[in-house]
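Notes for the structure review
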Amino acid sequence: MSDTMAPAPKLERRITVEKGVDVSAILMRPAASRALYVMAHGAGAGMRHAFMEAAAERMAARGIATLRYQFPYVERNSRRIDPEPLLLATVRAAVAAGREAAGSVPVLAGGKSMGGRMTSRAAAAEPLDGAFDGIGGIAFFGFPLHPAGQPGVSRAEHLSRVALPMLFLQGTRDDLADLTLLAPIVERLGDRATLRVIEHADHSFHVLKRSGRTDDEVLDELADAVAEWREGLA
């Protein structure tokens, strides 16, 4: 799909989170954008990780611009994750920057693993106005429902307070999201939540060779799912 399109330009940006704290960002916007997705990275890798880059390129080929951004701890080259208030402040600042960059096209938000969860945490804290006012929805690339080997649902308790459409992209081999626990949560969220199961994929959306699928095929499926979901939003 659109594989022959010219690559979308990448523009380096800076986003001010609060006094004395600013982070890097990359805006990738194809010529005919139909939406802009503000995309946060996961806990263990920054915005330049291969998955983030490949996902942004696939979405650009489908008319979805992206604004990828760093959390402050990654900007400092630290492995110690920032306190949650700073993570949420970063999400809000990035979403505000995305709204500014988007112009007249709709804005989506979310991200990979922790980045997606922090986006929904921020949206749950201010569901009616503020940074998330006017955002079209949140897309999760692997919602981290629980730590590996410790099934539970407490990390999803805030989702009922998110007054936005949500798309959950989850692999069947994701050891951070037992689908038998996640599926009922999504069902209880009602019409505003959609679960797209990615066969044979793990939390990083890698697939085993014996599955008969490739990582490239999974990336295409993920990007198609986001584009289809976006077109279905009111």
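Everything below is about the structure printed above this text.
The rules behind the values
- Residues numbered from 1 in each chain as written.
- Predicted model: local features only at pLDDT ≥ 70, side-chain atom pairs only at ≥ 80, totals over all residues.
- Heavy atoms only, no water.
- Axes fitted to C-alpha atoms, helices over the stretch in contact; angles between N-to-C directions.
- Helix = DSSP H or I, 4+ residues; strand = E, 2+ residues; numbered from the N terminus.
- Parallel < 35°, antiparallel > 145°, perpendicular 65-115°, else oblique.
- Contact = heavy atoms within 4.5 Å.
- Nonpolar A, V, L, I, M, F, W, Y, C, P; charged D, E, K, R; others polar.
- Left-handed = near helix turned anticlockwise from the far one by under 90°.
- Buried < 20%, exposed > 50% of the residue type's maximum accessible area, 1.4 Å probe, protein only.
- Salt bridge = Lys/Arg side-chain N within 4 Å of Asp/Glu carboxyl O.
- Pairing = 2+ DSSP bridges.

**With respect to the packing of helix α3 (residues 84-102) against helix α4 (residues 114-125)**
Contact geometry of α3 with α4 gives a least axis separation of 9 Å together with a crossing angle of 85°. Classified by the angle their axes make, α3 and α4 are roughly perpendicular. Of the residues in α4, those touching α3 at Glu84, Leu87, Leu88, Val91 and Arg92 are Met114, Met118, Thr119, Arg121, Ala122 and Ala125. A breakdown of the residues in the contact of α3 with α4 according to their chemical character gives 7 nonpolar, 1 polar and 3 charged.

**Section: the packing of helix α1 (residues 50-60) against helix α6 (residues 215-232)**
Geometry of a packed helix pair, given as the angle between the helix axes and the separation of the axes. Direction vectors running N to C along α1 and α6 enclose 55°, while the axes themselves pass 9 Å from each other. Taken together, the axis directions place α1 and α6 in an arrangement best described as oblique. Regarding α1 and α6, the two cross each other, and that crossing is right-handed. Contact residues: α1 offers Phe51, Ala54, Ala55, Arg58 and Met59, while α6 offers Asp216, Leu219, Asp220, Leu222, Ala223 and Val226. Of the residues in the contact of α1 with α6, the class split is 8 nonpolar, no polar and 3 charged.

**A few points about unusual backbone geometry**
Most of the time, phi is negative for any residue but glycine, and the peptide bond is trans. Even without being glycine, Ser113 reaches a positive phi, approximately 50°. On the basis of relative accessibility, which here comes to 10%, the residue Ser113 falls in the buried class. Positive phi, close to 75°, is recorded for His200, a residue that is not glycine. Note that His200 resides in the loop between β8 (193-198) and α6.

**What to know about the environment of Gly111**
Relative to the assigned elements, Gly111 resides in strand β5 (residues 107-112). For Gly111, a relative accessible area of 1% corresponds to the buried category. When the C-alpha atoms of Gly111 and Ala139 are compared, they prove to be 6.7 Å apart, with 28 residues separating the residues in sequence. Aside from chain neighbours lying at most four places away, what touches Gly111 is Tyr37, Met39, Ala40, Gly116, Ala139, Phe140 and Phe141.

**Regarding α1**
An α-helix turns once per 3.6 residues; consequently, residues spaced three or four apart project the same way. With respect to burial, α1 is a largely interior element, 9 of its 11 residues being buried. Among the residues of α1, Phe51, Met52, Glu53, Ala54, Ala55, Ala56, Arg58, Met59 and Ala60 are the ones counted as buried.

**Let's talk about the pattern of salt bridges**
Inspection of every chain in the model, using the stated rule, returns 15 salt bridges. Connected through salt bridges with shared partners, the residues Arg58, Arg62, Asp216, Asp220 and Asp224 form a single ionic network.

**Re the sheet that holds β5**
Ordered in space as β1-β2-β4-β3-β5-β6-β7-β8, the 8 strands form an open sheet in which the pairing is mixed. Each end of this open sheet is capped by a strand with a single partner; those strands are β1 (10-18) and β8. Across this sheet, the average inter-strand angle for adjacent strands is 20°, counted without regard to direction. Strand direction decides the pairing type here: strand β2 (residues 21-28) and strand β4 (residues 64-69), joined by 4 bridges, are antiparallel.

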